[in-house]
Amino acid sequence: MGRIAGQTSKLLHINVLGDERGALTVLEGNATIPFDIRRVFYIYGTAQGVRRGFHAHYKTRQALVCVSGSCKVYLNNVTRTTDVLLDSPTKVLLLEPNDWHEMYDFSEDCVLLVLASRLYDAEDYIRDYDKFIEVYG
């Protein structure tokens, strides 16, 4: 199958709105988030030293934002590996399907919000690293 042309995960910086009462950050499908948002979930209460994720997707795009606390995300799209620190509700990681990803180093107060372009489908997950290399390598 090979790499999907033009799909590269990237960090977006979202504008802060608000006034003396406090801050407001807006995430809108097909605007600040470049896809229809079909599913929303969040990860929290992750124990110290635990890594989450360990998969890629065939089709699902995701946007990850730490609405509280911080965590790091390891990305591997076969041609590059990188670690991204999510430590602000104004940082959004646009995660493309062709990136193997692992979330780690969760702060105690971390709440990681995930916006997904597709409803949950177990068949869309690539949970075996060798299969990931076969598909995207």
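Worth saying up front: this structure is predicted, and the values here are computed from it rather than measured. (Residues numbered from 1 in each chain as written. Predicted model: local features only at pLDDT ≥ 70, side-chain atom pairs only at ≥ 80, totals over all residues. Heavy atoms only, no water.)

1. Description of the overall build of the chain
Now for step 1: The helix and strand inventory of the chain stands at one helix and twelve strands.
Now for step 2: The secondary structure elements of the chain, listed N-terminal to C-terminal, are β-β-β-β-β-β-β-β-β-β-β-β-α.
Now for step 3: Computed over its C-alpha atoms, the radius of gyration of the chain comes to 15 Å, within 12% of the 14 Å expected for a compact globule of 137 residues.
Now for step 4: If you line up the chain on its principal axes, its C-alpha atoms span 50 × 35 × 25 Å.
Now for step 5: If you take every contact in the chain between residues at least 6 apart in sequence, the share linking residues at least 24 apart comes to 77%.
Now for step 6: Positive and negative charge centroids in the chain, built from 15 and 18 side chains respectively, lie 4 Å apart. (Helix = DSSP H or I, 4+ residues; strand = E, 2+ residues; numbered from the N terminus. Rg over C-alpha atoms; globule rule 2.2 N^0.38 Å. Contact = heavy atoms within 4.5 Å. Lys, Arg positive; Asp, Glu negative; His and termini not counted. Charge placed at Lys NZ, Arg CZ, Asp CG, Glu CD.)

2. Considerations on unusual backbone geometry
Now for step 1: The backbone phi angle of Asn30 is positive, close to 60°, even though this residue is not glycine.
Now for step 2: If you trace the backbone, Asn30 turns up in the loop between strand 3 (22-24) and strand 4 (39-44).
Now for step 3: Look at Asp105: it is not a glycine, yet its phi comes out positive at around 55°.
Now for step 4: Looking at where Asp105 falls in the secondary structure, it is placed in the loop between strand 10 (100-104) and strand 11 (111-116).

3. Examining helix 1 (residues 129-136)
Now for step 1: Taken together, the buried positions of helix 1 are Phe132, Val135 and Tyr136. Viewed along the axis of helix 1, the buried residues span an arc of 75°, placing them on a single side of the element. Across helix 1 from its buried face, at more than 90 degrees, point the exposed residues Asp130 and Glu134.
Now for step 2: In the core, the buried residues of helix 1 are packed alongside strand 5 (52-57), strand 7 (71-76), strand 10 and strand 12 (125-126). (Buried < 20%, exposed > 50% of the residue type's maximum accessible area, 1.4 Å probe, protein only. Arc of directions from axis to C-beta.)

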